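Tertiary structure, described
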Amino acid sequence: MGVVPLQDEEPGAAPPVSCFAVGWGDTSFPESSDWSTEHLKIGHYRLVTRKACVEQWATRGQIITEEMLCAHSKPANVCAGDSGGPFVCDGRLYGIVSFTTFNCSNELPQGFTRVSAPKIRSFIRAVAAV
């Protein structure tokens, strides 16, 4: 365990090579009465372009804002109970777990709050002073 630095800038021409999300959330759907897991789970991801994310989520009526980023994982996905968890790429906090499909499937990329977005970064600085 250690400190994970925040991503302050947009990734350069080369996207991050290694991304993951962790959480204690649901591991199956539909949810059981005891949806949380006893063990912290990890899912490995690849970033999805903003254009692809917007197009894919438009089929569900979800608007993807500048404060969001998307990533895809197989077979693991974020699910109920994972929201608020870290999304880390190349050792830096890139995002915060935000949303997925209602049944936690991997048919669409998962959504994360983009910590490098000016509005989000400003909020983090104001509240956490980092």
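Above this text you will find the structure in question.
Described in the following lines is the structure provided in the data block. (Residues numbered from 1 in each chain as written. Predicted model: local features only at pLDDT ≥ 70, side-chain atom pairs only at ≥ 80, totals over all residues. Heavy atoms only, no water.)

Here we look at the environment of Ser98
Here Ser98 is to be found in strand β5 (residues 92-99). Sequence spacing of Ser98 and Asp82 is 16 residues, and the spatial spacing of their C-alpha atoms is 8.2 Å. Beyond its immediate sequence surroundings of up to four residues, Ser98 is in contact with Ser83, Gly111, Phe112 and Thr113. (Helix = DSSP H or I, 4+ residues; strand = E, 2+ residues; numbered from the N terminus. Contact = heavy atoms within 4.5 Å.)

A short note on the nonpolar core
By size, the foremost hydrophobic cluster in this structure holds eleven residues: Cys19, Ala21, Tyr45, Leu69, Ala71, Val78, Phe87, Cys89, Tyr94, Val97 and Phe112. Every element with two or more residues in this core is listed here: β1 (19-23), β3 (68-72), β4 (86-89) and β5. (Core = buried A, V, L, I, M, F, W, Y, C linked by side-chain atoms within 4.5 Å. Buried < 20%, exposed > 50% of the residue type's maximum accessible area, 1.4 Å probe, protein only.)

As for the pairing of β5
On any regular strand, side chains alternate: one points to one face of the sheet, the next to the other face. Note: β4 against β5, four bridges, orientation antiparallel. Its bridge partner being in β5, Pro86 is matched across the sheet by Ile96. The turn joining β4 and β5, which pair antiparallel and follow one another in sequence, is formed by two residues; a positive phi near 50° is taken by Asp90. (Pairing = 2+ DSSP bridges.)

As for the sheet that holds β1
Pairing is antiparallel around the closed barrel formed by six strands, whose spatial order is β1-β2-β3-β6-β5-β4. Strand after strand, the sheet turns through a mean of 45° between neighbouring axes, direction not considered. Across four bridges, the pairing between β3 and strand β6 (residues 110-114) is antiparallel. Of the residues in β6, the one forming a bridge with Leu69 is Phe112. Across the sheet, helix α1 (residues 50-58) lies against β2 (41-48), β3 and β5, angled at about 105° from β2, the strand it touches most. (Axes fitted to C-alpha atoms, helices over the stretch in contact; angles between N-to-C directions.)

Some remarks on the pattern of salt bridges
Tallied over the full model, the rule gives three salt bridges. Between Arg50 and Glu66 there is a salt bridge whose closest N-O contact spans 3.2 Å. Linking Arg50 in helix α1 with Glu66 in the loop between α1 and β3, this pair joins segments that are 16 residues apart in sequence. Since its relative accessible area comes to 48%, Glu66 is described here as partly exposed. (Salt bridge = Lys/Arg side-chain N within 4 Å of Asp/Glu carboxyl O.)

Digging into helix α2 (residues 118-128)
If you check which residues of α2 are buried, you get Ile120, Arg121 and Ile124. Around the axis of α2, the buried residues are gathered within 95° of arc, so they sit on the same side. Turned more than 90 degrees away from the buried face of α2, the exposed residues are Pro118, Lys119, Phe123 and Ala126. Looking at the packing, one finds that the buried side of α2 touches β6. One or two positions beyond α2, positive phi appears at Ala129, with a value near 60°. (Arc of directions from axis to C-beta.)

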